[in-house]
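Remarks on the overall topology
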Amino acid sequence: MVDNKIGDNLSMILKSPTYKMAELDTDFLQSEELRAVRMELEYLKPELAFKRMNIRSTVIVFGGTQIVETHIAQDRLDKAKSALAAAPTDQRRMRDLARAERVVAKSHYYEEARQFAKICSTNCHVDGQCDYVIVTGGGPGVMEAANRGAFEAEAPTIGLNITLPDEQHPNPYVTPELCFLFHYFAMRKMHFLVRAKALIVFPGGFGTLDELFDALTLRQTHRMQEIPIILYGSDYWKQVVNFQFLADEGVIRDEHLDLVSFADSPAQAWDIIADYHGHPVKDI
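These figures come from a predicted structure and were not determined experimentally.

1. Considerations on the overall build of the protein chain
- Secondary structure assignment for the protein chain yields twelve helices and nine strands.
- Expected size for 284 residues packed as a compact globule is a radius of gyration near 19 Å; at 24 Å, the protein chain overshoots this value by more than 25%.
- Per-residue burial over the protein chain gives 44% buried out of 284 residues.
- The contacts in the protein chain between residues at least 6 apart in sequence include a share of 69% that link residues at least 24 apart.
- Per element, the accessible surface of the protein chain, about 16000 Å² overall, is 55% carbon and sulfur.

As structure tokens, then:
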């Protein structure tokens with residue numbers, strides 16, 4: 001009887017989670033008390049990979065996930081038209097059609113983000129180091145277009161993905177060794193900005209605005225390196241944010257308006273970056 005109890009106890013010891021090595025105990029690592037350790041790991045894993053790949057600086061590209069290639073946007077518009085034709089008085093279908101028309105009108109930004117990334121990526125190798133490496137959130141839309149342009153230029157390109165209910169899958173153009181999945185927005189934001197030489201922001205929604213104003217605040221308060229912040233699509237951005245109004249209202253200083261530049265072509269966007277850093281321009 002005693003031997004059986006000892007044997008059962010030994011079996012329970014070997015199965016106990018406390019007997020697992022800490023580094024192999026995922027329940028332990030995912031506990032609330034280990035949050036600081038997990039954040040450190042999310043800092044170190046990409047940082048070490050960037051060092052292995054000799055990535056010295058990046059160009060961040062943000063923009064909407066719904067901005068897709070023209071043929072895809074047109075297909076969605078055609079479906080919205082067909083749906084409305086079947087129920088011409090349906091208010092929701094009218095709204096869907098109107099939104100689909102606006103997505104088609106913005107679909108040119110996909111190709112322009114792709115072309116910008118190609119231009120930028122031809123300038124990414126300097127003295128054996130990688131500079132001006134395109135980095136995105138790794139998802140669809142403008143992010144896919146930018147990673148795609150770099151991929152087509154046969155240059156390394158980074159995707160900083162994050163766990164979300166939707167859109168968390170990486171697009172297929174990110175360099176495999178440079179695709180990361182984050183849990184913490186804070187660590188992801190830091191990796192976006194810490195080695196950036198420029199930020200280019202295509203039309204987008206809440207997430208795009210969040211990243212834009214993070215960068216603007218850090219530049220305004222001199223908490224990050226000086227970089228050009230380029231709003232691509234001046235007509236769109238001048239309707240979305242009235243920066244001049246903020247200055248006129250006295251809530252930002254006039255010189256803060258100089259933190260933002262506008263561009264309406266891939267070449268113009270790259271010229272702003274090259275002029276800012278005194279970088280020679282290579283044609284594609």
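2. Examining the side chain of T136
- Structurally, the position occupied by T136 is in strand β4 (residues 133-136).
- Since its relative accessible area comes to 0%, T136 is described here as buried.
- At 2.8 Å, the side chain of T136 forms a polar contact with the backbone nitrogen of G138.
- T136 has contacts with V61, M143, A146, N147, I158, G159, L160 and F192, leaving out every residue within four places of it along the chain.

3. So, helix α7 (residues 142-152)
- Most of α7 is tucked away: nine of the eleven residues are buried.
- Looking only at α7, the buried set comprises V142, M143, E144, A145, A146, N147, R148, G149 and A150.
- Against the buried residues of α7 lie β1 (58-62), α6 (108-121), β4 and β5 (157-162).
- Positive phi appears at E154, one or two residues downstream of α7, with a value of about 60 degrees.

4. Thoughts on the side chain of S234
- With respect to the helices, strands and loops of the structure, S234 is situated in helix α10 (residues 234-240).
- If near-sequence neighbours (up to four positions away) are discounted, S234 is found in contact with F262, A263 and D264.

5. A closer look at the sheet that holds strand β9 (residues 260-263)
- Here we have seven strands laid out as an open sheet, ordered β6-β5-β4-β1-β7-β8-β9, and parallel in their pairing. With partners counted over all chains shown, the strands left at the sheet margins are β6 (179-182) and β9, one partner each. Strand-to-strand twist in this sheet, taken as the mean axis angle between neighbours without regard to direction, amounts to 25 degrees.
- As paired strands, strand β7 (residues 196-201) and strand β8 (residues 229-232) are joined by three bridges and run parallel to one another. Within β8, the residue paired with L199 across the bridge is I229.

6. Notes on the pattern of salt bridges
- Scanning all chains against the criterion turns up 15 salt bridges.
- Close ionic contact of K189 with D210 constitutes a salt bridge, the shortest N to O distance being 2.5 Å. Residue K189 is found in helix α8 (residues 185-193), and its partner D210 is found in helix α9 (residues 206-220); the two are separated by 21 residues along the sequence.
- You can call K189 buried: its relative accessible area is 18%.
- For D210, a relative accessible area of 35% gives the class partly exposed.
- Here the salt bridges do not stand alone but share partners, grouping E69, E111, R114, K118, R148 and E152 into one network.

7. With respect to a nonpolar patch on the surface
- On the surface, L10, I13, L14 and Y19 cluster together into a nonpolar patch covering about 410 Å² of accessible area.
- Mapped onto the elements of the fold, L14 is located in helix α1 (residues 2-15).

8. Some details on the environment of L44
- Along the chain, L44 falls in helix α3 (residues 35-52).
- Overall, the relative accessible area of 32% leaves L44 in the partly exposed class.

9. Observations concerning the layout of surface pockets
- One number sums up the size of the largest pocket: a volume of about 1100 Å³.
- In this structure, the largest pocket is lined by 38 residues; those nearest its centre are G64, T65, Q66, G204 and G205.
- Secondary structure elements with two or more residues in the lining of the largest pocket: α4 (70-86), α5 (91-106), α6, β5, α8, α9 and α10.
- Ranked by residue count, the leading element in the lining of the largest pocket is α5, at seven residues.
- Within this model, the second largest pocket holds a volume of roughly 250 Å³.

The rules behind the values
- Positions within a chain are numbered from 1, following the residues in the order the chain's sequence is written.
- Local features are withheld for residues below a pLDDT of 70 in this predicted model, meaning they are given only at 70 or higher, and side-chain atom pairs are given and counted only at 80 or more; totals for whole chains, interfaces and linings count all residues.
- Only hydrogens and water are set aside; all other atoms, that is, all heavy atoms of the structure, feed into the side-chain values.
- The helix count covers DSSP runs of H or I at least four residues long, the strand count covers runs of E at least two residues long, and both are numbered beginning at the N terminus.
- Radius of gyration: over C-alpha atoms. The globule rule applied is 2.2 Å multiplied by the number of residues raised to the 0.38 power.
- Each residue is assigned to one of three classes by its accessible area relative to the maximum for its type, calculated with a 1.4 Å probe on protein chains only: buried under 20%, partly exposed between the two thresholds, exposed over 50%.
- Note on contacts: a residue pair qualifies if any of its non-hydrogen atoms lie within 4.5 Å across the two residues.
- Using a 1.4 Å probe, accessible areas were evaluated by the Shrake-Rupley method; residue-level cover was limited to the displayed protein chains.
- Here a polar contact is recorded for every N or O atom pair within 3.5 Å, except that within protein the pair must consist of a potential hydrogen donor and a potential acceptor, and residues adjacent in sequence are included only if both atoms are side-chain atoms.
- A pair of strands is labelled paired if DSSP reports no fewer than 2 bridges between them.
- Axis definition: a line fitted to C-alpha atoms, limited for helices to the stretch in contact. Angles are taken between N-to-C directions and run from 0 to 180 degrees.
- Definition used for salt bridges: Asp or Glu carboxyl oxygen within 4 Å of a side-chain nitrogen of Lys or Arg.
- Patch construction takes residues with relative accessible area above 30% that form no salt bridge. Like charges are linked within 9 Å, and nonpolar side chains (Val, Leu, Ile, Met, Phe, Trp, Tyr) are linked within 5 Å.
- Buriedness for pockets is judged along seven lines, at least five of which must meet protein on both sides within 12 Å for an open set on the 1 Å grid over protein atoms alone, while cavities are sets there where a 1.4 Å probe fits but cannot get out, and lining residues have an atom within 4 Å of a point.
- Grid points are joined across faces, edges and corners, and a volume is the space filled by probe spheres set on the points.

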